[in-house]
Amino acid sequence: MPRLRSALLALLLCVIPAQLHAQDRLPERRELFLALNAVVSGVYAAVGAATRDDGNVLAAFAQGAVGGAVTWSGQRLIGDGRPAFRLPGVQVAALGANLTRNAARGVPAFSDLILPVYPVYLRIRPGAEDPFSVRVSGLAVASLAWASLGADRFRADLDWRESLFTGGPVFRSTVSHLYPSGPLPSASCFNGNGCDDAVAGIHWLGTSIYTTGGRSEAASRRIIAHETIHLTQVHRDAILFGVPASDALFAHMEGPFAWIGEVFVIDAFLPMTGLNHALACTLPHHGGESWRLYEFEARAHAGR
Ligand SMILES: [Zn+2]
């Protein structure tokens, strides 16, 4: 069972950690990710428009692309590194995904906004009969449980201050290095220069862990910024796919099942995150480094 758990953890984390021993720098340019965000978001919106009789594919592509650029801008804010910029950056990135989702649905850009305010989604629909609604994110609860259960492995405690600055749970570990999967190394590996597979920070589906051992405050802050970029990646996927899929699931349910959908969002359908994991785990490694688009995107904004 421990072996199975380690294998599962390794699979889940294979693209997430900030690897310390990468050999080769693959594309980590911000401009590349501005273009990628704009194109992927534009295509998402255009596909949505193409499925509607009254859809304007070109207009949807344009608005979707703007949404992608706004998400990138939020990530830039986080990458600046200043704590005060972090939460605004997270919400600007989420706003961008909302603009894209609304473009795909053919509704006004700001008419339906889903903002992740941990551990809930705040939904704002100006002018609607019920303009504000709040639902608990199933993913947020699961992610926090994961970090809490792994407290021994990560030797980490909840950092309330950094969590408030981030808008999501951030755990602080006073060791130098973490080992997200596999058997735990000897005690000395947690400090100094670390051992094989050491990472400085971890993000898993909403929850971040950062290390402070042997680092300056600025260096630790950079790790948090990097992990927070991963948080925006999860939000982007949830707003574009996870929340709409949950809504579609509960739309036709009645009785107690419908009630669950009013209280919770089962935001488990995250295809972009899944694709990222799949590419990282299956494509051949290049120069000692796997193809991890999420990792490159985080590095583009916040460094390693
Ligand atoms: Zn990373």
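A. Structural view of the sheet that holds strand β3 (residues 132-137). Strands sit in the order β1-β2-β3-β8 across an open sheet of four strands; the sheet is mixed. Both outer strands of the open sheet, β1 (113-117) and β8 (264-265), are each paired with one neighbouring strand and no more. The sheet contact formed by strand β2 (residues 120-124) and β3 spans five bridges and is antiparallel. Across the sheet, the residue bridging to Leu122 is Val134, located in β3. Contacting β1, β2 and β8, helix α8 (residues 217-251) runs over the sheet at an angle of about 115° to β1.

B. Layout of the sheet that holds strand β5 (residues 170-173). The strand order across the open sheet formed by four strands is β4-β5-β7-β6, and the pairing between neighbours is mixed. Each edge of the sheet is formed by a strand with only one pairing partner; in this case those strands are β4 (156-158) and β6 (201-204). Ignoring strand direction, the axes of neighbouring strands in this sheet form an average angle of 20°. Packed onto the sheet, helix α5 (residues 138-149) meets β5, β6 and β7 (207-211) and runs at close to 35° relative to β7. Of the strands in this sheet, β5, β6 and β7 are in contact with α8, which crosses β7 at around 160°.

C. Representation of the nonpolar core. By size, the foremost hydrophobic cluster in this structure holds 58 residues, and its most contacted members are Ala45, Ala60, Ile209 and Ile239. Among the elements that make up this core, the one with the highest residue count is α8 (eleven residues). Ala60 has contacts with Ala45, Ala46, Gly48, Ala49, Gly55, Ala103 and Ala104, leaving out every residue within four places of it along the chain.

D. Highlighting unusual backbone geometry. With omega at 0°, the peptide bond leading from Tyr118 into Pro119 counts as cis. Structurally, the position occupied by Pro119 is in the loop between β1 and β2. A positive phi angle, near 50°, is found at Arg155, a position not held by glycine. Following the sequence through the fold, Arg155 ends up in the loop between α6 (151-154) and β4. Under the C-beta neighbour-count criterion, Arg155 is labelled partly exposed, with 17 such atoms within 10 Å. We note that Leu205 has phi near 45°; this positive angle belongs to a residue other than glycine. In this structure, Leu205 sits in the loop between β6 and β7. On the neighbour-count criterion, Leu205 (24 C-beta atoms within 10 Å) is buried.

E. Quick look at the environment of Ala38. Its location among the elements puts Ala38 in helix α2 (residues 30-50). On the basis of neighbour counts, which here come to 23 C-beta atoms within 10 Å, the residue Ala38 falls in the buried class. Distance from Ala38 to Gly64, taken between C-alpha atoms, is 7.2 Å for residues 26 residues apart in sequence. For Ala38, the residues in contact, after removing those within four places along its chain, are Ala65, Gly68 and Ala69.

F. Summary view of the confidence of the model for the protein. The predicted model of the protein averages 87 in pLDDT, with 88% of residues at 70 or higher. With pLDDT under 50 throughout, residues 1-24 is counted as low confidence; its partners more than four residues away or in other chains account for 48 contacts.

G. Fine view of the pairing of β2. Burial along β2 is one-sided: Tyr121 and Arg123 are buried, and none of Val120, Leu122 and Ile124, which face the opposite way, are. Note that β1 and β2 share five bridges and pair antiparallel. Paired with Val117 across the strands is Val120, a residue of β2. Connecting β1 to the antiparallel partner β2 that follows it, the hairpin turn spans two residues.

Procedures and definitions
Residues numbered from 1 in each chain as written. Predicted model: local features only at pLDDT ≥ 70, side-chain atom pairs only at ≥ 80, totals over all residues. Pairing = 2+ DSSP bridges. Helix = DSSP H or I, 4+ residues; strand = E, 2+ residues; numbered from the N terminus. Contact = placed C-beta atoms within 7 Å. Axes fitted to C-alpha atoms, helices over the stretch in contact; angles between N-to-C directions. Core = buried A, V, L, I, M, F, W, Y, C linked by C-beta atoms within 7 Å. Buried ≥ 20, exposed ≤ 12 C-beta atoms within 10 Å, placed from the backbone. pLDDT = per-residue confidence, 0-100.

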